[in-house]
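# A look at the structure
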Amino acid sequence: MTVKKSGKLFIHFTFLTTSIVPLQNRNCFVPISEIIAVEETEFNKKQRNIGRWQKMAKLHAFTVHYVKKARNHRWRCRDATFWCVDEHLCNQWTQALKELLEMQKSRPKQLLVYINPYGGKRQGKRIYEQKVAPLFSLASISTDVVVTEHANHAKDNLFEVNIYKYDGVVCVGGDGMFSEVMHGLIGRMQKDSGIDQNNPKASLVQCNICLVFYFSGSTDCICYSTVGISDPVTSALHIIVGDCQPLDVSSVHHNNTFLKYSVSLLGYGFYGDILKDSEKKRWMGPMRYDYSGFKTFLSHHYYEGTIAYQPAKQTHGSPRDKESCRMGCYICKQSEKQLAEQNKEHGLKHEEGEEEWKVIKGKFLAINAVNMSCACPRSPKGLSPAAHLADGSADLILVRKCSRFNFLRYLVRHTNQDDQFDFPFVDVYRVKCFQFTSKLSEDNESNVMDIGKKRFGQFCRDHPACCCNIVNSTWNCDGETLDSSAIEVRVHCQLMKLFARGIEEDCKDEAAHSQSSIEQLL
Ligand SMILES: CCCCCCCCCCCCC/C=C/[C@@H](O)[C@H](CO)NC(=O)CCCCCCCCCCCCCCC
Ligand SMILES: Nc1ncnc2c1ncn2[C@@H]1O[C@H](COP(=O)(O)OP(=O)(O)OP(=O)(O)O)[C@@H](O)[C@H]1O
Ligand SMILES: [Ca+2]
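From a predicted model like this one, the values you see are computed outputs, not experimental measurements.

One pass over the full model with this rule turns up 15 aromatic pairs. Both rings, one in Phe270 and one in Tyr271, keep their centres 5.1 Å apart while their planes meet at 75°; by these two values the pair is edge-to-face. Under the relative-accessibility criterion, Tyr271 is labelled buried at 15%. One aromatic cluster is present, built from ring pairs that chain together Phe270, Tyr271, Phe297, Phe407, Tyr410, Phe423 and Phe425. Over the face of the ring belonging to Tyr289 we find Arg288, whose NZ or CZ atom lies 4.5 Å from the ring centre.

As structure tokens, then:
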């Protein structure tokens with residue numbers, strides 16, 4: 001067995017020494033950074049292949065628990081047990097490996113865990129206790145667990161507890177639970193730093209406490225877009241090895257009042273209407289989105305309004321790039337450097353951008369602003385396949401009024417490999433901030449008219465068949481509705497950190513490699 005040093009530390013289990021022998025006659029090649037734990041092992045008579053040795057002397061053993069990468073970005077915990085007759089040698093190896101693990105400074109030691117017991121078919125608590133908690137205890141991570149009793153319990157709690165004693169916050173739930181905990185964490189950081197969240201131009205304080213969440217929601221788009229899979233064991237292992245992925249967050253304001261933060265989709269029109277309709281059908285579970293999606297598709301409403309945006313000139317990519325954001329993404333790294341330089345020069349003082357605002361007026365079926373690709377099982381590449389997790393920009397997608405057939409063609413491209421922006425009625429811009437005002441808010445109509453509209457229903461009475469809407473749509477902000485149709489949105493570069501590493505490239509190759517190294521080489 002050797003420990004190799006080549007940029008990264010690797011542990012290579014082989015028969016280089018006849019004194020230390022792997023129990024199952026296997027060969028492993030594992031980076032130290034992907035070892036979960038090392039523990040002394042009681043030698044068990046049931047264990048195989050040791051007959052000759054056991055007769056000669058008392059045997060000593062230790063077990064290495066490590067990450068095994070499987071298909072589709074899934075991680076699993078595997079172990080290899082080594083034994084030898086020399087107790088001192090065995091202890092030396094155990095000690096040396098433990099010391100190497102101690103040197104992995106980014107690994108969390110204490111976590112605060114929030115579990116939504118009702119999220120995702122009410123399985124969150126059971127899954128946490130059966131699959132995740134044992135891994136944390138194996139990795140000597142201590143946890144304080146809060147099972148939420150009502151909505152906003154976790155958020156309120158984050159304003160009360162001493163968050164600074166934790167290395168990270170874990171939420172067990174879906175995108176909704178993630179959003180709640182994220183609001184608690186960002187809100188608490190701003191409060192402690194005396195920053196007014198209602199000021200849309202305020203430079204927000206970065207959250208250095210990592211956040212992660214497990215699956216169990218309906219869309220799980222944050223997990224899919226940052227890890228590549230929504231799987232509790234995979235997420236737990238990313239936490240244990242201390243992975244850290246910065247994440248852009250958009251703030252949403254209306255008239256100098258803070259409304260919400262968004263990390264995935266901020267959608268008006270199609271996705272806002274789906275969400276509003278689906279809220280009434282929560283009992284249907286994830287199917288509610290398909291039902292409301294079909295209904296919203298048939299209604300084919302479009303909305304008139306004005307969008308003003310500032311292009312994100314500082315980022316190196318474009319929404320039409322063929323490359324997607326992956327682990328160690330160059331574009332996100334460049335943004336990280338720029339951010340560090342900016343903070344050095346100006347501190348937290350916000351520098352008002354000099355760039356001009358571009359203004360677009362029109363009739364839109366959908367306005368989608370995405371901070372990440374929004375990949376999820378329904379849409380494997382997401383709404384903007386080349387969006388970056390941490391480049392300080394969002395992709396603003398405008399789908400103008402078009403026929404139902406063309407809109408269907410656009411939706412189908414969410415699900416296949418074809419370019420979803422290659423339509424004359426779809427425009428996409430990479431932006432650092434934007435404002436939207438619906439025609440209705442611009443018109444500033446009288447209350448009497450509003451009462452009239454409410455009474456006579458929401459559709460245009462002059463042209464009942466034209467699908468133009470005289471009421472506003474709602475904004476879908478990461479799966480929650482925002483009623484304000486006039487909003488101001490600003491992307492805050494790398495405001496959050498996740499226990500993730502971005503989607504790993506060539507996961508199939510890695511899976512094949514780890515399989516060959518473990519199962520064939522020895
Ligand atoms: C012909 C098939 C077209 C299929 C098109 C599928 C597009 C799926 C796009 C999903 C985008 C997810 C963006 C992420 C949003 C999350 O922050 C948020 C919180 O979890 N989730 C939702 O708002 C939940 C949003 C859920 C949206 C589901 C949309 C389903 C649309 C179905 C349209 C059917 C048209 C059929 C016509 C014959
Ligand atoms: N104990 C609780 N009782 C009721 N609601 C809760 C509780 N704990 C959390 N919530 C709220 O439930 C909402 C939905 O949570 P979560 O995202 O986990 O569930 P989901 O419906 O499975 O997922 P999705 O948001 O993807 O549809 C969150 O906005 C959260 O604020
Ligand atoms: Ca981004």
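Each angle at a metal carrying four tetrahedral donors should ideally be 109.5 degrees, and each at a metal carrying six octahedral donors should ideally be 90 or 180 degrees. Every protein donor of the calcium ion (ligand 3) is accounted for by Asp248 (OD), Asn371 (O), His388 (O), Asp391 (OD) and Ser393 (O), and the metal-donor separations fall at 2.3 to 3.0 Å. Mapping the donors of the calcium ion (ligand 3) onto the primary sequence yields the spacing D-x122-N-x16-H-x2-D-x1-S. Within this pair, whereas Asn371 is found in the loop between strand E16 (358-370) and strand E17 (394-400), its partner His388 is found in the loop between E16 and E17, the two being separated by 17 residues in sequence. Under the relative-accessibility criterion, His388 is labelled buried at 4%.

Turning our eyes to something else, we now look at the packing of helix H9 (residues 270-279) against helix H10 (residues 287-299). Contact pair H9 / H10: the axes reach a minimum separation of 8 Å and the direction vectors enclose 125°. The angle between H9 and H10 falls in the class oblique. In the crossing of H9 with H10, the sense of the turn from one axis to the other is right-handed. Contact residues: H9 offers Phe270, Asp273, Ile274, Leu275, Asp277 and Ser278, while H10 offers Arg288, Tyr289, Tyr291, Ser292, Gly293, Lys295, Thr296 and Phe297. Per-class residue counts for the contact of H9 with H10 are six nonpolar, four polar and four charged.

E17 sits mainly inside the fold: six of its seven residues count as buried. Judged from the six bridges that link them, E16 and E17 form a sheet pairing that is antiparallel. Among the inter-strand pairings, Phe364 is bridged to a residue of E17, identified as Arg400. Two elements, E17 and strand E18 (residues 426-438), share six bridges in a ladder whose sense is antiparallel. The residue of E18 that forms the bridge with Ile397 is Val428.

Close to ligand 1 lie 22 residues; Asp175, Thr219, Ser264, Asn476 and Asp478 are nearest. Ser264 is positioned with one of its side-chain polar atoms (N or O) 2.8 Å from an oxygen atom of ligand 1. At 2.9 Å, a side-chain N or O of Asn476 approaches an oxygen atom of ligand 1. Protein contact buries 85% of the 850 Å² of open area that ligand 1 shows by itself. Where the shell around ligand 1 is concerned, the elements lending two or more residues are H9, H10 and helix H12 (404-412). In terms of residue count, the dominant contributor to the shell around ligand 1 is H10 (four residues). Here the residues of the shell around ligand 1 sort into 12 nonpolar, seven polar and three charged. Mapping the shell around ligand 1 onto the domain boundaries places at least three of its residues in each of domain 2 (106-244 + 499-522) and domain 3 (253-346 + 355-494).

Here we take up unusual backbone geometry. In this model, His300 sits at a positive phi of 50°, which is unusual for a non-glycine residue. Positive phi values are uncommon outside glycine, yet Cys374 reaches one of about 70°. Within the fold, Cys374 resides in the loop between E16 and E17.

The full count for this structure, using the stated rule, is 21 salt bridges. With a shortest N-O distance of 3.3 Å, Glu129 and Lys125 are connected by a salt bridge. One end of the pair is Glu129 and the other is Lys125, both in helix H4 (residues 124-138) and four residues apart, which spans about a single turn. Using a relative accessible area of 44% as the deciding quantity, one classes Glu129 as partly exposed. A salt bridge links Arg188 to Asp192; the shortest N-O distance between them is 2.9 Å. In this pair, Arg188 and Asp192 are both assigned in helix H6 (residues 175-192), four residues apart and thus about one turn of the helix distant. The class for Asp192 is partly exposed, based on a relative accessible area of 39%.

Reading the values: rules and limits
- Residues numbered from 1 in each chain as written.
- Chains lettered and ligands numbered in written order.
- Predicted model: local features only at pLDDT ≥ 70, side-chain atom pairs only at ≥ 80, totals over all residues.
- Heavy atoms only, no water.
- Phe/Tyr/Trp six-rings, centres within 6.5 Å; stacked < 30°, edge-to-face > 60°.
- Buried < 20%, exposed > 50% of the residue type's maximum accessible area, 1.4 Å probe, protein only.
- Lys NZ or Arg CZ within 6 Å of the ring centre and 35° of its normal.
- Donors = N, O, S within 2.8 Å, 3.2 Å for Na, K, Ca; no water.
- Helix = DSSP H or I, 4+ residues; strand = E, 2+ residues; numbered from the N terminus.
- Axes fitted to C-alpha atoms, helices over the stretch in contact; angles between N-to-C directions.
- Parallel < 35°, antiparallel > 145°, perpendicular 65-115°, else oblique.
- Left-handed = near helix turned anticlockwise from the far one by under 90°.
- Contact = heavy atoms within 4.5 Å.
- Nonpolar A, V, L, I, M, F, W, Y, C, P; charged D, E, K, R; others polar.
- Pairing = 2+ DSSP bridges.
- Near = heavy atom within 4 Å.
- Polar contact = N/O pair within 3.5 Å; in protein donor to acceptor, adjacent residues only side chain to side chain.
- Areas by Shrake-Rupley, 256 points an atom, 1.4 Å probe, with all protein chains shown as cover.
- Domains from an automatic or database assignment.
- Salt bridge = Lys/Arg side-chain N within 4 Å of Asp/Glu carboxyl O.

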